[in-house]
Amino acid sequence: MKHILVPIGISPDAHQTLQYAVDFAEQFDSRVYVMEVFNVSVGAGKSLANVTKKVAESGKERLKEVIDKIDAKGVNITIATYNGSIVDGLKDIDKELGIDLIIMAPRSNDVTEEFYLGYTSGKIIKQTDIPTLIVPKGHVMTPPKTILTAFKSGILKRNRILYPLLEIKKKFGSTVNLLLVKTPGYSDDDLRINTALMDASSQITMTEAPTTYLGVLERFESQQPDMLCVFRRKRGFFKKLWEKNTIQKSEFSARVPVLVLSVKKD
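In short, a report on the structure. (Residues numbered from 1 in each chain as written. Predicted model: local features only at pLDDT ≥ 70, side-chain atom pairs only at ≥ 80, totals over all residues. Heavy atoms only, no water.)

## A short note on the overall build of the chain
Within the chain one finds seven helices and twelve strands. Looking at the chain as a whole, 52% of its 266 residues qualify as buried. A fraction of 80% describes how many contacts in the chain between residues 6 or more apart in sequence connect residues 24 or more apart. In the form shown here, the chain has an accessible surface area of approximately 12,800 Å², with 47% of it arising from carbon and sulfur atoms. (Helix = DSSP H or I, 4+ residues; strand = E, 2+ residues; numbered from the N terminus. Buried < 20%, exposed > 50% of the residue type's maximum accessible area, 1.4 Å probe, protein only. Contact = heavy atoms within 4.5 Å. Areas by Shrake-Rupley, 256 points an atom, 1.4 Å probe, with all protein chains shown as cover.)

## So, the side chain of Thr146
Take Thr146: it is sitting in strand β7 (residues 146-151). Those residues in contact with Thr146 that lie beyond four places of it in its chain are Thr175, Asn177, Pro225, Asp226 and Met227.

## Quick look at the layout of surface pockets
The calculated volume of the second largest pocket comes to roughly 380 Å³. The leading source of residues in the lining of the second largest pocket is helix α5 (residues 163-172), at three residues. Among the residues forming the lining of the second largest pocket, the class breakdown is eight nonpolar, two polar and six charged. (1 Å grid on protein atoms, 1.4 Å probe; cavity = no way out; pocket = protein on both sides within 12 Å on 5 of 7 lines; lining within 4 Å. Points joined across faces, edges and corners; volume = space filled by probe spheres on them. Nonpolar A, V, L, I, M, F, W, Y, C, P; charged D, E, K, R; others polar.)

What follows is the structure, given as structure tokens:
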């Protein structure tokens, strides 16, 4: 896990997420990239190149201000700005460098806030295949003792999908518990769990529920994990995100970091 990317939005608490990312990166000897995206379009008579340069420089200065608020702990932090959409920017950086993990915050921890993921963070989960760690704002990085990995199908296209989970488990000595949620319409094939996932786990529980999320809710309190791991797939845990680019807290919320792994079988 050498390259970790942190998208920096306009939140005044952005430095908290960056501090978590730096604390996390320190454990893996990773490089951290902080990224700000902007969109520049100009009218007649103006130079796109000049305007883009000025906006990019302004963005870099703002990112430097965020970096100045944290303890870098010797971690190499690189600033990246991108003119265009967040998804295109992430894909371009991933193509150039190979991003192993995105670390970002949900929209808000406030119980009165309607959305868990806003438009931008929702697009990142919906439209990229890069593993992502969603960290509650203000959450201090501590080694996860227990990781609850929830899914409704044990089939994986490739074992490398599990790499972030396996690296975290190895680094911190975490216990991985599996939760297979049998949802309506499940098949016998769904109950066959990938051998690499089985080998990484200490315990497996099966339950039945209308959705994977509801299955997690039923087991969350009894297991009290330090981290939740789920899979990004079109009809999976973040099902609602495939209908829109936001997700309400009534649909999903978590008070622990959530590791979202890449696409499984659809």
